[in-house]
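The primary structure of each chain is shown beneath.
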Amino acid sequence: MIDGPYFVLAVLGVLGTGLAAGVFCAFSTFVMRGLAALPPAQGVAAMNAINRAAVRPAFMLVFLGTTVLSVVIAVVTFVRWPDEGAVELLLGSALYLIGSFGVTVAANVPRNEALLRLEPASAEAAGRWPGYVREWTAWNHVRTGASAAAAVAYVLALA
């Protein structure tokens, strides 16, 4: 069984990835659906406000803190290889780093930045809004699943 500081890292990994999965799940299941139901100008303006508000310490601590923690867990796991739970810890780290952080950087943030450049009341924003919602939400589903799967992998490492 994992013990000592290694145990604490794994528990923090479960907590961080689980919290991230919850935030992403909320967006996938009802926030984006609610925004999509608004007139495009209102939806674009609201999403832009949400994107600006997301870059605050509370969310960034969970999101980026879990990213750093996943890297630390992966490095420590390689150093301690082949200790018990190593495969699960590496899998959890890979899932979060690729499926959550990587997807955010490669898919969600570029869409957010493009949306921020649009004037919410413009015809261009109205035309792009449905595609934005569809694509952003699809990638967010990936982040949700990857973060939840990472939490499960970390839990399995503790079992």
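Residues numbered from 1 in each chain as written. Predicted model: local features only at pLDDT ≥ 70, side-chain atom pairs only at ≥ 80, totals over all residues. Heavy atoms only, no water.

A. Main features of a nonpolar patch on the surface. On the surface, Phe 7, Val 8, Val 11, Leu 12, Leu 15 and Leu 19 cluster together into a nonpolar patch covering about 480 Å² of accessible area. Take Leu 12: it is sitting in helix α1 (residues 4-36). For Leu 12, a relative accessible area of 41% gives the class partly exposed. (Patch = residues over 30% accessible without salt bridge, like charges linked within 9 Å, V, L, I, M, F, W, Y side chains within 5 Å. Areas by Shrake-Rupley, 256 points an atom, 1.4 Å probe, with all protein chains shown as cover. Salt bridge = Lys/Arg side-chain N within 4 Å of Asp/Glu carboxyl O. Helix = DSSP H or I, 4+ residues; strand = E, 2+ residues; numbered from the N terminus. Buried < 20%, exposed > 50% of the residue type's maximum accessible area, 1.4 Å probe, protein only.)

B. Representation of the environment of Ala 107 within the structure. Mapped onto the secondary structure, Ala 107 falls in helix α4 (residues 86-116). On the accessibility criterion, Ala 107 (5% relative accessible area) is buried. Sequence separation between Ala 107 and Ala 148 is 41 residues, and the spatial gap between their C-alpha atoms is 19 Å.

C. Highlighting the packing of aromatic side chains. Counting across every chain of the model gives six aromatic pairs. With a centroid separation of 6.3 Å and 80 degrees between ring planes, the pair formed by Phe 24 and Phe 63 is classed as edge-to-face. Of this pair, Phe 24 sits in helix α1 while Phe 63 sits in helix α3 (residues 57-80), and the two are 39 residues apart along the sequence. Phe 63 matches Phe 24 in its accessibility class, with the two residues each being buried. Taken together, the aromatic side chains of Phe 24, Phe 59, Phe 63, Tyr 96 and Phe 101 make up a single cluster linked through ring pairs. Here the guanidinium or amino end of Arg 80 rests over the ring plane of Tyr 6, the centre of that ring lying 4.2 Å away. (Phe/Tyr/Trp six-rings, centres within 6.5 Å; stacked < 30°, edge-to-face > 60°. Lys NZ or Arg CZ within 6 Å of the ring centre and 35° of its normal.)

D. Fine view of the side chain of Thr 104. Here Thr 104 lies in helix α4. If near-sequence neighbours (up to four positions away) are discounted, Thr 104 is found in contact with Phe 63, Val 109, Pro 110 and Arg 143. (Contact = heavy atoms within 4.5 Å.)

E. How the structure looks around the layout of surface pockets. One number sums up the size of the largest pocket: a volume of about 440 Å³. What lines the largest pocket is a set of 22 residues, among which Asn 51, Ala 54, Val 55, Phe 59 and Asn 112 lie closest to the centre. In terms of residues, the lining of the largest pocket owes the most to one element, α4, which gives eight residues. Split by residue class, the lining of the largest pocket holds 15 nonpolar, five polar and two charged. (1 Å grid on protein atoms, 1.4 Å probe; cavity = no way out; pocket = protein on both sides within 12 Å on 5 of 7 lines; lining within 4 Å. Points joined across faces, edges and corners; volume = space filled by probe spheres on them. Nonpolar A, V, L, I, M, F, W, Y, C, P; charged D, E, K, R; others polar.)

F. Structural context of the packing of α1 against α4. For the pair α1 and α4, interaxial distance at closest approach is 11 Å and the crossing angle is 35 degrees. In this structure, α1 crosses over α4, and the sense of that crossing is left-handed. Of α4, the residues touching α1 (which contributes Tyr 6, Ala 10, Thr 17, Ala 20 and Phe 24) are Leu 89, Tyr 96 and Ser 100. Residues belonging to the contact of α1 with α4 are distributed by class as follows: six nonpolar, two polar and no charged. (Axes fitted to C-alpha atoms, helices over the stretch in contact; angles between N-to-C directions. Left-handed = near helix turned anticlockwise from the far one by under 90°.)

G. Layout of the nonpolar core. Within the largest apolar cluster, twelve residues are counted, these being Phe 27, Met 32, Leu 35, Val 44, Met 47, Leu 115, Leu 118, Ala 125, Trp 129, Tyr 132, Val 133 and Trp 136. No other element matches helix α5 (residues 123-158), which puts five residues into this core. Apart from residues no more than four positions distant in its own chain, Leu 35 is found in contact with Gly 43, Ala 46, Met 47, Ile 50 and Trp 129. In this structure, Tyr 6, Leu 69, Leu 89 and Leu 158 belong to the second largest nonpolar core, which totals ten residues. (Core = buried A, V, L, I, M, F, W, Y, C linked by side-chain atoms within 4.5 Å.)

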